[in-house]
Amino acid sequence: MRARALASIALLGGVAVGLAGCNFVTPQATTNHYDPSDGVSGTVGQVELRNAVAIVNDDGDANLVLTAVNNSARTISLRVQYEAGGQKENTRLSLSPGATTVGYGKRGQKLLEDFDPKAGSLAKIYFVYGSQEGVQLGVPVLDTTWSEYEKHGPTAPPSPSVSPSPSGTPSEGASTDPSGTPSDAASDGTTEG
């Protein structure tokens, strides 16, 4: 009876050690880096780029959306290079220390004009600053048909507006006679007073 008990304990110990050995040869999924959303991530020097996506419209423009974490104590000017009209175009992001959201929220959009890649592709976008080695990311290109990106599509920058001319009301010191020509006081720059 004693031999059976010892054999059972030895067998149980052997099974426990055998099953525990799986952790030594099987990689753990939690140790692998992955991007849990639609975008991609990368690191340039002390700047971490998180969840970068480009949201395009039918006019060929894109809004670059990402979170940048500046781990330094100074403001960094990050250069962003992308394909536009068959050429390389550059734009800059000013990153204060800490996390900065780009392309949405209070900072507004980051417009990439004449953006070549189309929705459904990966855009090769290069990020670099100072003397750091840059990183090129294959950024997913999406459009506003996805409900979560509907409000983040690019919009054209406002064009300068021209204010209409006064509607026939003369300004102070400048009067016109009925023929539309300025009076003597208005033409020589003097006013009566």
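Preceding block: the structure.
Because the structure is a prediction, the values reported are computed rather than measured. (Residues numbered from 1 in each chain as written. Predicted model: local features only at pLDDT ≥ 70, side-chain atom pairs only at ≥ 80, totals over all residues. Heavy atoms only, no water.)

**Student:** Explain the overall build of the protein chain here, please?
**Tutor:** Counting its secondary structure elements, the protein chain contains three helices and nine strands. For the protein chain, the proportion of its 193 residues judged to be buried stands at 28%. Taking all contacts inside the protein chain whose residues are at least 6 apart in sequence as the whole, residues at least 24 apart take part in 54%. Only carbon and sulfur atoms are counted for the fraction: they give 53% of the accessible area of the protein chain, which is about 13100 Å². (Helix = DSSP H or I, 4+ residues; strand = E, 2+ residues; numbered from the N terminus. Buried < 20%, exposed > 50% of the residue type's maximum accessible area, 1.4 Å probe, protein only. Contact = heavy atoms within 4.5 Å. Areas by Shrake-Rupley, 256 points an atom, 1.4 Å probe, with all protein chains shown as cover.)

**Student:** Would you mind going over the packing of aromatic side chains with me for this structure?
**Tutor:** Working definition: an aromatic ring pair is given by the centre-to-centre distance plus the angle between the planes. Across all of its chains, the model carries one aromatic pair by this definition. Arranged with centres 6.0 Å apart and planes meeting at 40 degrees, the rings of Y82 and F115 form a pair that is tilted. With Y82 in strand β4 (residues 76-84) and F115 in the loop between β7 (111-112) and β8 (122-128), the pair connects residues that are 33 residues apart, well separated along the chain. Each of the two residues, Y82 as well as F115, counts as buried. (Phe/Tyr/Trp six-rings, centres within 6.5 Å; stacked < 30°, edge-to-face > 60°.)

**Student:** Please explain a negative patch on the surface as it appears in this structure.
**Tutor:** On the surface, E89, E113, D114 and D116 cluster together into a patch of negative charge. Within the secondary structure, E113 is located in the loop between β7 and β8. (Patch = residues over 30% accessible without salt bridge, like charges linked within 9 Å, V, L, I, M, F, W, Y side chains within 5 Å. Salt bridge = Lys/Arg side-chain N within 4 Å of Asp/Glu carboxyl O. Lys, Arg positive; Asp, Glu negative; His and termini not counted. Charge placed at Lys NZ, Arg CZ, Asp CG, Glu CD.)

**Student:** Help me understand the environment of S37 in this model?
**Tutor:** Structurally, S37 is set in the loop between α2 (22-25) and β1 (40-44). Separated by 15 residues in sequence, S37 and A52 have C-alpha atoms that sit 9.5 Å apart. Not counting residues within four places of it along the chain, the set of residues in contact with S37 comprises N51 and Y149.

**Student:** When you look at the nonpolar core in this model, what are you seeing that I'm missing?
**Tutor:** Side chains that are nonpolar tend, in soluble globular proteins, to be buried together. Judged by nonpolar contacts, the single largest core of 29 residues is most densely connected at L49, L66, F115, I125 and F127. Contributing elements (two or more residues each) for this core: β1, β2 (47-56), β3 (62-70), β4, β5 (87-95), β8 and β9 (135-143). Ranked by size, the runner-up nonpolar core spans five residues in total, among them I55, V65, L142 and Y149. (Core = buried A, V, L, I, M, F, W, Y, C linked by side-chain atoms within 4.5 Å.)

**Student:** When you look at the pairing of β3 in this model, what are you seeing that I'm missing?
**Tutor:** Two faces make up the sheet, and in a regular strand the side chains alternate between them. The buried count for β3 comes to seven of nine residues, which makes it a mostly enclosed element. The sheet contact formed by β2 and β3 spans eight bridges and is antiparallel. Residue pairing in the sheet places A54 in a bridge with L64 of β3. Following β2, the chain reverses through five residues before pairing antiparallel with β3; G60 in that reversal takes a positive phi of roughly 90 degrees. Pairing geometry for β3 and β7, over two bridges, is antiparallel. In the sheet register, N63 faces β7, and the bridge partner there is L111. (Pairing = 2+ DSSP bridges.)

**Student:** I would appreciate a short explanation of unusual backbone geometry in the present structure.
**Tutor:** Unlike most non-glycine residues, N51 shows phi in positive territory, near 55 degrees. Looking at the element boundaries, N51 is found in strand β2. The phi dihedral of D114 is positive, around 50 degrees, even though this residue is not glycine. Among the secondary structure elements, D114 is positioned in the loop between β7 and β8.

**Student:** Got a minute to help me understand the side chain of N63 in this structure?
**Tutor:** Here N63 shows up in strand β3. You can call N63 buried: its relative accessible area is 1%. Separated by 2.9 Å, the side chain of N63 and the backbone oxygen of G103 make a polar contact. (Polar contact = N/O pair within 3.5 Å; in protein donor to acceptor, adjacent residues only side chain to side chain.)

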